[in-house]
Amino acid sequence: GPPRITVLGSLNMDLVSYVSHHPEPGETMTSNGFAVSPGGKGANQAIACAKLSRERTVDQQGKPIAPTASTSAPTAHVAMAGAVGDDVYGTTLRANLAAHGIDVSAVQTAPAGVPSGVAVIVVDEPTGQNRIILSPGANYQIDTTKSASLVPAGTQLLILQLEIPLEQVLRALQEACAAGVPVLLNPAPAPATEEARAKLEATFADQAPGLAHLVLNETETAAMVPGLTVADLDTQAGLSRAASYFLARGVQNVVMTLGGRGVYFATAAERGKEVVGELLQPEKVKQVVDTTGAGDTFAGQYALEAVYASAAGTAFDCAAAVRKSNRAAAVTVQRKGAQESIPWRDEVV
Ligand code: RIB
Ligand code: NA
């Protein structure tokens, strides 16, 4: 059967306002548009794995596309573990995953009175850049000890982010390591305290053969490397220093997404060298409409490349995976919303 991916993480309902500028303190403004749509970094990454491993069955206008041999034949099996509230948003979030063929049997329902996670998002229309306020709700109630194994036999990859309690992430990391299952860690949002950072680092650095994939943006990189600032990442020296830091702690593949500046990546083969890593230039896009979900799309496509390689028994080609993931994310930034903006397999060329 197709390779299996498990995503443990958040499910949020995104409440998105599109504005011509961000409001000033005390300002009341009118948006240019508003949408409620499924999001959450965990669920977005699960949806990315599902959509990017399947072809469209309807076109942009919603008209059915005649099935071909490859249509609807999924090239990956995706399971989601997380928690939603016992409310309307929770029902919608779970149903949307299931509608994309994702196994939702490990999506728990939080105790009564705990709402589903919500993200209030403001998108600045001139730039497409967003600002996000998270209210974790049910995401902070997940208890992985109550679910069956996160890494059932045959799992090729476990994907983790940081929108659920750190202790759950650490337990999952340890479980995957004990089972010999590679992990893709996307430390987003960045650890909020030095204690959290140190615990996370200690957990992945302690494990053999090391963390398989660390995928993170500039803010997260600065937060994960002691003494490093976002400004340091403006230079190749800073990028190389950050990558070296992670390689020295056992990470096999480090991928830093730099938004409009491209992607910087380094692999274990470079460990110990003076300068490590390589910059991939950004994709050219006509107009950045809404960057929401772009990082998650990148992570999903990258995860698929990793499991395709392990299923085929071939070596993982990090550079090729980064290039393809960059192309997938470029589609997402040109569309509104999170999960709905993620392309299908046949939309990424
Ligand atoms: O990565 C984008 C996501 O971050 C949004 O969908 C929002 O829910 C926040 O979790
Ligand atoms: Na988008």
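For the structure, see preceding data.
This structure is a prediction, so every number in the text was calculated from the model and none was measured.

What counts as what
- Residues numbered from 1 in each chain as written.
- Chains lettered and ligands numbered in written order.
- Predicted model: local features only at pLDDT ≥ 70, side-chain atom pairs only at ≥ 80, totals over all residues.
- Heavy atoms only, no water.
- Helix = DSSP H or I, 4+ residues; strand = E, 2+ residues; numbered from the N terminus.
- Buried < 20%, exposed > 50% of the residue type's maximum accessible area, 1.4 Å probe, protein only.
- Contact = heavy atoms within 4.5 Å.
- Near = heavy atom within 4 Å.
- Polar contact = N/O pair within 3.5 Å; in protein donor to acceptor, adjacent residues only side chain to side chain.
- Nonpolar A, V, L, I, M, F, W, Y, C, P; charged D, E, K, R; others polar.
- Pairing = 2+ DSSP bridges.
- Right-handed = clockwise from strand over helix to strand, strands pointing away.
- Donors = N, O, S within 2.8 Å, 3.2 Å for Na, K, Ca; no water.
- Tetrahedral: all angles 85-135°; square planar, octahedral: opposite > 155°, others 65-115°.
- Axes fitted to C-alpha atoms, helices over the stretch in contact; angles between N-to-C directions.

S.K.: Describe the overall build of the protein, and please don't skip the residues or the numbers.
M.R.: For the protein, the helix and strand inventory stands at eight helices and 13 strands. By principal-axis analysis of the C-alpha atoms, the protein measures approximately 50 × 50 × 45 Å. Split into buried and exposed, the 349 residues of the protein put 51% on the buried side. By sequence separation, contacts in the protein at least 24 residues apart represent 69% of the contacts at least 6 residues apart.

S.K.: Tell me about the site of ligand 1, and please be specific about residues and values.
M.R.: Close to ligand 1 lie Asn12, Asp14, Gly39, Gly40, Lys41, Asn44, Ala119, Ile132, Leu134, Glu163, Asp296 and Ala338. At 2.9 Å, a side-chain N or O of lysine 41 approaches an oxygen atom of ligand 1. Contacts to ligand 1 include aspartate 296, whose side-chain N or O atom sits 2.8 Å from an oxygen atom. A class-by-class count of the residues in the shell around ligand 1 yields four nonpolar, four polar and four charged.

S.K.: Give a detailed account of the pairing of strand S4 (residues 77-84), specifying residues and quantitative values.
M.R.: Here S4 lies mainly inside the structure; seven of its eight residues are buried. Summarising the sheet, strand S1 (residues 4-8) and S4 pair through five bridges and their orientation is parallel. The residue of S4 that forms the bridge with isoleucine 5 is valine 78. After leaving S4, the chain enters helix H2 (residues 88-99) and then returns to the sheet as strand S5 (residues 103-109), a path that is right-handed.

S.K.: Could you give me a rundown of the coordination of the sodium ion (ligand 2), with the residues and numbers involved?
M.R.: Every protein donor of the sodium ion (ligand 2) is listed here as Asp290 (O), Thr292 (O), Thr332 (O), Arg335 (O), Gly337 (O) and Ser341 (OG), and their distances to the metal cover 2.6 to 2.9 Å. The coordination sphere of the sodium ion (ligand 2) comprises six donor atoms, whose angles at the metal cover 60 to 167°; the geometry is irregular. Each donor residue of the sodium ion (ligand 2) belongs to the same chain, and together they define the spacing D-x1-T-x39-T-x2-R-x1-G-x3-S. Of the two residues, aspartate 290 is situated in the loop between strand S13 (278-280) and helix H7 (294-312) and glycine 337 in the segment after helix H8 (318-332); the sequence distance between them amounts to 47 residues. For the pair aspartate 290 and glycine 337, a shared accessibility class is recorded, and that class is buried.

S.K.: Could you give an account of the sheet that holds strand S10 (residues 213-217), naming the residues involved and the relevant values?
M.R.: Overall, mixed pairing links the nine strands, which are arranged S5-S4-S1-S8-S9-S10-S11-S12-S13 in an open sheet. The sheet is open, and its two borders are formed by S5 and S13, each paired with just one other strand. Sheet twist, expressed as the mean angle between neighbouring strand axes with direction ignored, is 15°. Along the sheet face, helix H3 (residues 166-179) touches S1, strand S8 (155-160) and strand S9 (183-185) and points at about 160° away from the line of S8. The sheet contacts of H7 involve S1, S8, S9, S10, strand S11 (253-257) and strand S12 (263-267), and relative to S8 the element is tilted by about 160°.

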